[in-house]
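Summary of structural features
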Amino acid sequence: MNLHRRSLLAGTLALPVVAHAQTQESWEQRKERLLHEDWPELSRYAEDNHRILSAGETVNIVFLGDSITEGWKSKRPGFFTPGRVGRGIGGQTTPQMVLRMMADVVQLKPRFVHIMAGTNDIAGNTGKMTHAQTFDNFRMMTQIAKANGIDVILASVPPADHFPWRPGLEVVPPIRTINAWLRDYAKAQRHAWVDYTLALGDPSGAMKPGMAYDGVHPTEAGYDAMAGAIEPLLRARKV
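Residues numbered from 1 in each chain as written. Predicted model: local features only at pLDDT ≥ 70, side-chain atom pairs only at ≥ 80, totals over all residues. Heavy atoms only, no water.

**So, the packing of aromatic side chains**
The following threshold applies: In summary, the pairing rule links any two rings of Phe, Tyr or Trp, Trp by its six-membered ring, whose centres are within 6.5 Å, and it sorts them by plane angle into stacked for under 30 degrees, edge-to-face for over 60 and tilted for everything else. The buried label applies to any residue whose accessible area, calculated with a 1.4 Å probe on protein chains only, is under 20% of its type's maximum; exposed applies above 50%, and partly exposed to all values in between. Any Lys NZ or Arg CZ found within 6 Å of a ring centre and within 35 degrees of that ring's normal is scored as a charge over the ring.
For the structure on display, the rule yields 12 aromatic pairs. Pairing Phe63 with Trp72 gives two aromatic rings, centres 5.5 Å apart and planes at 65°, and the pair type is edge-to-face. Phe63 sits in the buried class, given a relative accessible area of 0%. Judged by its relative accessible area of 0%, Trp72 falls in the buried class. On the numbers, 5.3 Å between centres and 80° between planes, the contact of Phe79 with Phe80 is edge-to-face. The residues Phe79 and Phe80 share a single accessibility class, namely buried. Ring pairs connect the aromatic residues Phe63, Trp72, Phe79, Phe80, Tyr196 and Tyr223, which therefore count as one cluster. Here the guanidinium or amino end of Arg84 rests over the ring plane of Phe79, the centre of that ring lying 4.7 Å away.

**Details of the pattern of salt bridges**
The line we're drawing: By definition here, a salt bridge exists when the distance from a side-chain nitrogen of Lys or Arg to a carboxyl oxygen of Asp or Glu is within 4 Å. Elements are defined by DSSP. Helices are runs of H or I of four residues or more, strands are runs of E of two residues or more, and each kind is numbered from the N terminus.
One pass over the structure, following the stated rule, counts 11 salt bridges. Put simply, Asp48 and Arg51 hold a salt bridge, and the shortest N to O gap is 2.7 Å. Placement of both Asp48 and Arg51 in helix H3 (residues 46–55) is noted, with a separation of 3 residues, approximately one turn of the helix. For Arg51, a relative accessible area of 40% gives the class partly exposed. Between Arg51 and Glu57 there is a salt bridge; the shortest N-O distance is 2.6 Å.

**Thoughts on the pairing of strand S1 (residues 61–65)**
Going by this rule: Pairing between strands is defined by DSSP: at least two bridges between the two strands are required. Note on handedness: a clockwise path from strand one over the helix to strand two, with the strands aimed away from the viewer, defines a right-handed crossover.
With 5 of 5 residues buried, S1 lies mostly within the body of the structure. Bridging between S1 and strand S2 (residues 84–88) involves 5 bridges; their strand directions are parallel. Looking at the pairing, Ile61 lines up with Arg84 of S2. With helix H4 (residues 67–75) bridging S1 and the parallel S2, this β-α-β connection has right-handed handedness.

**So, the confidence of the model for the protein chain**
Should pLDDT be low for a region, the predicted coordinates there are not to be read in detail. Inclusion rule: Looking at any residue, its pLDDT shows the predictor's confidence there, from 0 to 100. In what follows, a contact means two residues having at least one pair of non-hydrogen atoms within 4.5 Å.
When the pLDDT values of the protein chain are averaged, the result is 91; 90% of them are 70 or greater. With pLDDT under 50 throughout, residues 1–21 is counted as low confidence; its partners more than four residues away or in other chains account for 7 contacts.

**Thoughts on the environment of Ala188**
One can find Ala188 in helix H8 (residues 172–189). Considered as a pair, Ala188 and Asp48 are 140 residues apart in the sequence and their alpha carbons are 34 Å apart.

**Re the packing of helix H5 (residues 94–105) against helix H7 (residues 131–147)**
Note the cut-off: An axis is simply a line fitted to the C-alpha atoms; with a helix, the fit covers only the stretch in contact. Between two such axes, the angle follows the N-to-C directions and lies from 0 to 180 degrees. When an angle is under 35 degrees it counts as roughly parallel; over 145 it counts as roughly antiparallel; between 65 and 115 it counts as roughly perpendicular; any other value is oblique. Under the grouping applied here, Gly and all other residues not named as nonpolar or charged are polar, the nonpolar ones being Ala, Val, Leu, Ile, Met, Phe, Trp, Tyr, Cys and Pro and the charged ones Asp, Glu, Lys and Arg.
Contact pair H5 / H7: the axes reach a minimum separation of 9 Å and the direction vectors enclose 10°. The orientation of H5 relative to H7 falls into the category roughly parallel. Mapping the contact onto sequence places Thr94, Pro95, Met97, Val98, Met101 and Met102 in H5 and Thr134, Asn137, Phe138, Met140, Met141, Ile144 and Ala145 in H7. Residues belonging to the contact of H5 with H7 are distributed by class as follows: 10 nonpolar, 3 polar and no charged.

**Focus: the nonpolar core**
Side chains that are nonpolar tend, in soluble globular proteins, to be buried together. Test applied: As used here, the term nonpolar core means buried Ala, Val, Leu, Ile, Met, Phe, Trp, Tyr and Cys residues forming a set that is joined through side-chain atoms within 4.5 Å.
With 59 residues, the main nonpolar core has Trp72, Phe138, Tyr196 and Leu234 as its most contacted residues. Leaving out residues up to four positions away in the same chain, Tyr196 has contacts with Trp72, His114, Met116, Ala155, Ser156, Met226, Ala229 and Ile230.

**Regarding the pairing of S2**
Of all 5 residues in S2, 5 are buried, a share of seventy percent or more. Burial along S2 is two-sided: the face carrying Arg84, Gly86 and Gly88 and the face carrying Val85 and Arg87 are both buried.

**Some thoughts on the sheet that holds strand S4 (residues 151–155)**
An order of S2-S1-S3-S4-S5 is seen for the 5 strands of this open sheet, with the pairing classed as parallel. Looking at the sheet topology across the chains shown, the edges are occupied by S2 and strand S5 (192–194). Within this sheet the neighbouring strands show an average axis-to-axis angle of 20°, counted without direction. Contacts between H8 and the sheet are confined to S4 and S5, with S5 contributing the most and set at about 150° to the helix.

Next up, the structure:
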């Protein structure tokens with residue numbers, strides 16, 4: 001490779017992802033494009049992160065997660081009072097969130113991070129994953145937070161008895177397995193633990209009627225139930 005080409009390539013790798021022209025792009029097309037351009041989607045919140053830092057805003061807690069976290073802010077924006085920042089991205093798995101920890105959490109210097117993930121690991125959205133791999137990713141996220149003086153709130157994987165985008169996949173046992181591990185890990189590491197299972201789920205492991213649009217993604221009532229579960233913990237920590 002000649003020096004000119006090498007410098008061009010290095011420059012390309014160093015540059016941030018730029019916005020594409022306004023085109024009609026399906027969710028699948030967008031994910032395929034980002035697979036090659038910005039796999040962890042660091043560009044998603046880059047502008048808002050810059051705004052927060054430039055304004056010197058105080059961030060008390062960052063909610064890191066997938067579409068369930070993303071939907072919380074859009075359907076119940078009143079929950080996100082000043083100091084509460086939503087950083088959910090639909091479809092994401094724990095390895096993608098590990099790569100977002102520095103940009104979307106650490107640089108904002110929050111007191112707490114609320115980590116809710118695992119649904120899309122079970123679904124295999126970025127490839128088949130073992131439970132051990134998911135657990136390692138939770139360890140990495142919590143260790144990054146701890147190393148930067150950020151207290152962790154680990155959240156349960158929300159209940160579901162099916163994933164509409166993965167028909168036929170058995171999901172109740174893996175959700176329960178991951179949640180049991182998260183509960184024990186939170187206790188062992190002295191992280192806060194919030195379990196949304198009783199607020200959202202029925203004894204079979206499915207969402208209660210009215211709590212989700214599709215059996216997975218909460219309705220406004222579902223988010224209200226989640227808020228009811230976590231607000232006592234947040235009030236106790238003045239978040």
